[in-house]
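# Structural overview for review
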Amino acid sequence: MDSIIVFASGTGTNAKAIIEHFNENKKAKVSLIVCNNPEAGVLEIAKKEHIPFLIITKKTFQEVLLLEQLHDYQPSLIVLAGFLWKIPEHFVHEFKGKIINIHPALLPSHGGKGMYGAKVHDAVINAKDRQSGITIHEVNERYDEGAIILQARCAVKEGDTADQLARKIHELEHFYYPRVIEQLLASK
Ligand code: GAR
């Protein structure tokens, strides 16, 4: 069975969708959740699902020990789901081709450092874009610039608030992210 490590530091609705997907089909399992926020909602999900979690700091994130700890779980994929820190270069090389991210807009638009969650939706609305969506992509040494694996779109209606747009985006994310992960694992 393939092992997936999820990096998440927010509410964790994507982590939950991934966990539930693989609870059903058993082709893989989320074996570890890595989080940089001890208050994050995703930790409640980890506890409820009996999934081990690891809380990291800016310092431990840079350490070789973290790589060793992650190798213990023999991950086929490392999945970022609402994780905002830039992945260090040595980490990207260590797990080359195995790290993916989800971004709540159609990259290359509205990406880069500091662009996450509501900030992205505000930027889309302020730009008067008529559509937004999600981008699932490989992670390289630069924010939001890795090869795109999948994009899915939704309409941005006149008068949509950032909250309303976030709901549409989450729906797309929860549907596509687990399925893309399943396909990537099948093709490895
Ligand atoms: C998701 O919408 C994800 O696309 C976004 O954070 C949210 C986490 O939600 N990630 C980024 O903005 C990365 N730049 P969740 O905690 O409910 O899964």
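Please refer to the structure placed before this passage.
Before going into details, it helps to say that this report is about the structure given with it. These figures come from a predicted structure and were not determined experimentally.

What follows is about the packing of helix α6 (residues 117–126) against helix α7 (residues 162–186). A pair of packed helices is characterised by two quantities: the angle between their axes and the separation of those axes. It is the contact of α6 with α7, at a shortest axis distance of 9 Å, that shows an interaxial angle of 110 degrees. Overall, the two elements α6 and α7 adopt an arrangement that is roughly perpendicular. Taken as a pair, α6 and α7 cross one another with a handedness that is right-handed. On α7, the residues that touch H121, D122, V124 and I125 of α6 are A162, L165, A166 and I169. In terms of residue class, the contact of α6 with α7 is made up of six nonpolar, one polar and one charged.

Of all eight residues that make up strand β6 (residues 131–138), six are buried, and the element is covered over most of its length. In this sheet, β6 lies alongside strand β5 (residues 99–103) in antiparallel orientation, the contact comprising four bridges. In the sheet register, I100 faces β6, and the bridge partner there is E138.

Attention now moves to the site of the ligand. G12, T13, N14, Y116 and E173 are the nearest of the 14 residues found near the ligand. E173 places a polar side-chain atom, nitrogen or oxygen, 2.4 Å from an oxygen atom of the ligand. Taking 450 Å² as the accessible area of the ligand by itself, protein coverage stands at 91%. Structurally, the ligand is housed in the largest pocket. Residue composition of the shell around the ligand, grouped by class: four nonpolar, nine polar and one charged.

Locating F53 in the fold gives a position in strand β3 (residues 53–55). Taking the C-alpha atoms as reference points, F53 and P75, 22 residues apart in sequence, are found 14 Å from one another. In this structure, F53 is in contact with L32, I33, L43, A46 and K47, ignoring residues within four places of it in sequence.

Moving on to α6. An α-helix turns once per 3.6 residues; consequently, residues spaced three or four apart project the same way. Of all the positions in α6, only V120, H121 and V124 are classed as buried. Buried residues of α6, seen end-on, are gathered within an arc of 95 degrees and therefore sit on one face of the element. For α6, the secondary structure elements touched by its buried residues are β5, β6 and α7. Remark: K128 follows α6 within two positions and exhibits a positive phi of approximately 60 degrees.

Cut-off values and rules
Residues numbered from 1 in each chain as written. Predicted model: local features only at pLDDT ≥ 70, side-chain atom pairs only at ≥ 80, totals over all residues. Heavy atoms only, no water. Axes fitted to C-alpha atoms, helices over the stretch in contact; angles between N-to-C directions. Helix = DSSP H or I, 4+ residues; strand = E, 2+ residues; numbered from the N terminus. Parallel < 35°, antiparallel > 145°, perpendicular 65-115°, else oblique. Left-handed = near helix turned anticlockwise from the far one by under 90°. Contact = heavy atoms within 4.5 Å. Nonpolar A, V, L, I, M, F, W, Y, C, P; charged D, E, K, R; others polar. Buried < 20%, exposed > 50% of the residue type's maximum accessible area, 1.4 Å probe, protein only. Pairing = 2+ DSSP bridges. Near = heavy atom within 4 Å. Polar contact = N/O pair within 3.5 Å; in protein donor to acceptor, adjacent residues only side chain to side chain. Areas by Shrake-Rupley, 256 points an atom, 1.4 Å probe, with all protein chains shown as cover. 1 Å grid on protein atoms, 1.4 Å probe; cavity = no way out; pocket = protein on both sides within 12 Å on 5 of 7 lines; lining within 4 Å. Sits in = over half its atoms within 2 Å of the grid points. Arc of directions from axis to C-beta.

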